[in-house]
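# Structural description and commentary
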Amino acid sequence: MPQAQPTPPARRSAFDWTGAEARRRAEAGLVRTLRPRPAESELLDLAGNDYLGLTRHPEVTGAAAEAARRWGAGATGSRLVTGTTRLHTRLEEELAAFCGFEAALVFSSGYTANLAALTALGGPGALIVSDAANHASIVDGCRLARAEAAVVPHADPEAVRKTLEAHPGRRALAVSDSVFSVDGDRAPLEDLAAACRDHGAGLVVDDAHGFGVLGDGGRGALHDAGLAGDEDVVATLTLSKSLGSQGGAVLGPARVVEHLVNAARTFIFDTGLAPAATGAALASLRLLAAEPGLAGRARTVATTLHRALTEAGFTAARPDAAVVSVHAPGPEEALRWAADCREQGLSVGCFRPPSVPDGISRLRLTARADLTDAEIERAVATIVRTAPAGAR
């Protein structure tokens with residue numbers, strides 16, 4: 001009598017495991033969802049990063065449209081092949097001159113700009129000293145650099161100094177945000193630069209939240225600290241915040257930029273920034289240069305929001321630039337608070353685990369230069385009215 005064949009195991013789909021991950025996220029209250037926004041909205045936006053209110057400026061949108069008509073919808077290839085237009089080189093020249101650096105190189109995003117700077121300037125055998133509160137793009141850049149990465153306590157130049165002292169003679173970088181995106185606090189750039197110089201290390205600063213807001217006429221945190229243009233300092237920034245467009249850039253000595261052109265994989269193998277975004281960023285940069293009061297207005301709006309909220313009894317981090325952070329009792333309360341604000345016509349950011357560590361959930365407000373006094377009052381009133389128990 002023939003022997004019965006064993007029943008083959010049920011075939012599993014390659015991605016069945018994602019269902020378990022989805023359930024885990026749902027149980028922890030950590031599900032992220034996409035919320036498409038309409039072109040026109042009645043919501044008062046304090047969630048985006050359009051610090052100077054330029055993303056809908058007619059000169060900026062007009063420049064984007066004209067660039068698309070003239071150069072096409074896309075860059076058509078890598079910057080080293082067909083992806084570089086005269087717009088790209090003009091933007092790089094004017095960006096470097098405005099911020100006080102010798103040269104600049106434009107990327108498709110601020111994220112890829114950070115990856116380029118750290119991977120091309122790091123490498124096997126190098127040491128990268130990174131602030132514990134740095135942006136995810138810096139964290140990923142450190143990982144991809146194949147260097148030894150040492151994470152030091154937040155905004156602690158002495159910890160940077162001691163780490164560099166422990167590795168004498170090694171090629172080294174220290175990297176920090178200029179303004180940290182969660183609390184809006186500013187890095188001690190002068191002291192970081194001093195620690196680096198004492199040990200022959202380079203300093204890389206992500207000025208995404210400082211450019212356009214800090215410094216003379218918005219020239220950035222490094223310009224404000226007197227470090228712009230120094231031979232051992234490199235800046236990265238994004239074109240999607242103060243300039244209201246898309247893309248990123250690395251600024252520094254010409255020899256560093258030339259090295260990135262030849263060694264940075266996110267430059268060599270990525271399609272160039274689209275002409276429309278390039279034209280829009282160039283138009284915004286020229287507006288910023290022509291209207292230096294925009295930067296000061298963004299800072300004034302931030303301090304006004306902070307003062308009103310603290311006077312109302314909330315705990316809010318003092319803003320060093322344009323980010324105002326308001327502490328929430330916990331992650332669930334932060335989510336509900338942001339949702340209630342939205343229902344009442346105000347869009348605010350919500351930071352909670354895993355984006356931030358446990359115990360520091362908060363609302364994140366963006367101060368914009370184009371907010372009116374009436375809009376500021378409306379925003380504060382909405383936050384006060386929707387505050388959960390324990391928020392103040």
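Residues numbered from 1 in each chain as written. Predicted model: local features only at pLDDT ≥ 70, side-chain atom pairs only at ≥ 80, totals over all residues. Heavy atoms only, no water.

For clarity, the cut-off: UniProt positions are given in the numbering used here, feature names are shortened, and annotations may be inferred rather than shown by experiment.
As annotated in an unreviewed UniProt entry, the chain is 8-amino-7-oxononanoate synthase from Streptomyces roseolus. Taken from UniProt, the Cofactor (unreviewed entry) comment for the chain reads in full: "pyridoxal 5'-phosphate".

## Examining the overall build of the chain
The cut-off we apply is this: Think of it this way: any DSSP run of H or I at least four residues long counts as a helix, any run of E at least two long counts as a strand, and we number them from the N terminus. As a reference, a globule follows 2.2 Å times the number of residues to the power 0.38, and the radius of gyration itself is taken over C-alpha atoms. Accessibility here uses a 1.4 Å probe with only protein chains present; expressed as a share of the type maximum, an area under 20% marks a residue as buried, one over 50% as exposed, and anything in between as partly exposed. Contacts are assigned to residue pairs with any non-hydrogen atoms lying within 4.5 Å of each other. Only four residue types enter the tally: Lys and Arg on the positive side, Asp and Glu on the negative side; His and the chain ends are excluded. A charged residue contributes its charge at one atom only: NZ of Lys, CZ of Arg, CG of Asp or CD of Glu.
A count of helices and strands for the chain gives 14 helices and eleven strands. Computed over its C-alpha atoms, the radius of gyration of the chain comes to 23 Å, within 12% of the 21 Å expected for a compact globule of 392 residues. Across the 392 residues that make up the chain, the buried fraction comes to 50%. The contacts of the chain with a sequence gap of at least 6 include a subset with a gap of at least 24, amounting to 72%. The averaged location of the 46 negative side-chain charges in the chain is 6 Å from the averaged location of its 40 positive side-chain charges.

## A word on the nonpolar core
Applied cut-off: In plain words, nonpolar cores are sets of buried Ala, Val, Leu, Ile, Met, Phe, Trp, Tyr and Cys residues tied together by side-chain atoms within 4.5 Å.
By size, the foremost hydrophobic cluster in this structure holds 91 residues, and its most contacted members are Leu 95, Leu 189, Leu 203, Phe 211, Leu 239, Leu 251 and Trp 337. When residues of this core are assigned to their parent elements, the largest contribution, eight residues, is made by helix H11 (residues 275–290). Formed by 25 residues, the second largest nonpolar core is a distinct cluster that contains Ala 103, Ala 117, Ile 138 and Leu 173.

## Digging into the pattern of salt bridges
Inclusion rule: One side-chain nitrogen of Lys or Arg within 4 Å of one carboxyl oxygen of Asp or Glu is enough to make a salt bridge.
By the definition in use, this model includes 19 salt bridges. Two residues, Asp 183 and Arg 362, come together in a salt bridge whose shortest N-O distance is 2.1 Å. Highlighted residues: Asp 183 in the loop between strand E5 (172–177) and helix H7 (189–197) and Arg 362 in strand E11 (residues 362–366), separated in sequence by 179 residues. The exposure class assigned to Asp 183 is partly exposed, which follows from its relative accessible area of 26%. Beyond isolated ion pairs, a larger network of salt bridges with shared partners links Glu 158, Arg 161 and Asp 198.

## Brief notes about H11
Residues spaced three or four apart along an α-helix face the same direction, because each turn holds 3.6 residues. What counts is decided by this rule: An expected span of 1.5 Å times one less than the residue number is assigned to each helix.
Compared with the 22 Å implied by 1.5 Å per residue over 16 residues, the 23 Å span of H11 between its first and last C-alpha is a close match. Counted residue by residue, H11 has twelve buried out of 16 residues, so it is predominantly covered. Buried residues of H11: Pro 275, Ala 277, Thr 278, Gly 279, Ala 280, Ala 281, Leu 282, Ala 283, Ser 284, Leu 285, Leu 287 and Leu 288, and no others. At its buried positions, H11 is contacted by helix H2 (58–71), helix H3 (86–99) and helix H12 (293–311).

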